[in-house]
Amino acid sequence: NEVYHGGLGSYSIMCMVISFLQRHPLVQSGLIRAHENLGVLLMEFFELYGKNFNSEVVGIAVQDSSAGGHNTGGYLEKATWGW
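So, here's what we can say about the structure. These numbers were taken from a predicted model, which means no experiment stands behind them. (Residues numbered from 1 in each chain as written. Predicted model: local features only at pLDDT ≥ 70, side-chain atom pairs only at ≥ 80, totals over all residues. Heavy atoms only, no water.)

1. So, the overall build of the protein chain
Summing up its helical and strand segments, the protein chain has 3 helices and 2 strands in all. The order of helices and strands in the protein chain, counted from the N terminus, is α-α-α-β-β. Looking at the protein chain as a whole, 19% of its 83 residues qualify as buried. In the protein chain, of all internal contacts separated by at least 6 residues, the share reaching a separation of at least 24 is 35%. In the form shown here, the protein chain has an accessible surface area of approximately 6,400 Å², with 58% of it arising from carbon and sulfur atoms. (Helix = DSSP H or I, 4+ residues; strand = E, 2+ residues; numbered from the N terminus. Buried < 20%, exposed > 50% of the residue type's maximum accessible area, 1.4 Å probe, protein only. Contact = heavy atoms within 4.5 Å. Areas by Shrake-Rupley, 256 points an atom, 1.4 Å probe, with all protein chains shown as cover.)

Right under this line is the structure:
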């Protein structure tokens, strides 16, 4: 959490990317292929985490254990986990 002069570390960014792709409805339904729509997905990634995602109260779970074994990822309230 002490990245050189601020910002996010590579591990945090990878968790964000994985979570984004796990939860994106068009990717999950197979309507778009992620590797063929990188520009659109990048802009949506920036919109989600730069504008809409409230990191003060919400955290990212890359694997959601309540999904019955499916690796869908999810969001969690930080207060629930004591953060």
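2. Section: the packing of helix H1 (residues 10-23) against helix H3 (residues 38-52)
With their axes 11 Å apart at the nearest point, H1 and H3 run at an angle of 105° to one another. If you check the angle between H1 and H3, you find them roughly perpendicular. Of H3, the residues touching H1 (which contributes Met16, Val17, Ser19, Phe20 and Leu21) are Leu41, Glu44, Phe45, Leu48 and Tyr49. For the contact of H1 with H3, the residue count by class is 8 nonpolar, 1 polar and 1 charged. (Axes fitted to C-alpha atoms, helices over the stretch in contact; angles between N-to-C directions. Parallel < 35°, antiparallel > 145°, perpendicular 65-115°, else oblique. Nonpolar A, V, L, I, M, F, W, Y, C, P; charged D, E, K, R; others polar.)

3. Quick look at H1
It helps to recall that an α-helix has 3.6 residues per turn; residues three or four apart then point in one direction. With 14 residues, H1 should reach 20 Å at 1.5 Å per residue; the first-to-last C-alpha distance of 20 Å fits that figure. Turning to H1, its buried residues are Cys15, Met16, Ser19, Phe20 and Gln22. The buried residues of H1 occupy an angular sector of 165° when projected down its axis, which confines them to one face. Packed against the buried residues of H1 are helix H2 (25-29), H3, strand E1 (58-61) and strand E2 (74-77). (Expected span 1.5 Å × (residues − 1). Arc of directions from axis to C-beta.)

4. Digging into the pattern of salt bridges
Inspection of every chain in the model, using the stated rule, returns 1 salt bridge. One salt bridge in this structure joins Arg33 and Glu36, with 3.5 Å as the shortest N-O distance. Glu36 shares its class with Arg33; the two are exposed. (Salt bridge = Lys/Arg side-chain N within 4 Å of Asp/Glu carboxyl O.)

5. Notes on the nonpolar core
Grouped together as the largest cluster of nonpolar side chains are 7 residues: Met16, Phe20, Val27, Leu41, Phe45, Tyr49 and Phe53. Elements that contribute at least two residues to this core include exactly H1 and H3. Top element by residues in this core is H3. It accounts for 3 residues. Setting aside residues no more than four positions away along its own chain, Tyr49 makes contact with Met16, Ser19, Phe20, Ile60 and Tyr75. (Core = buried A, V, L, I, M, F, W, Y, C linked by side-chain atoms within 4.5 Å.)

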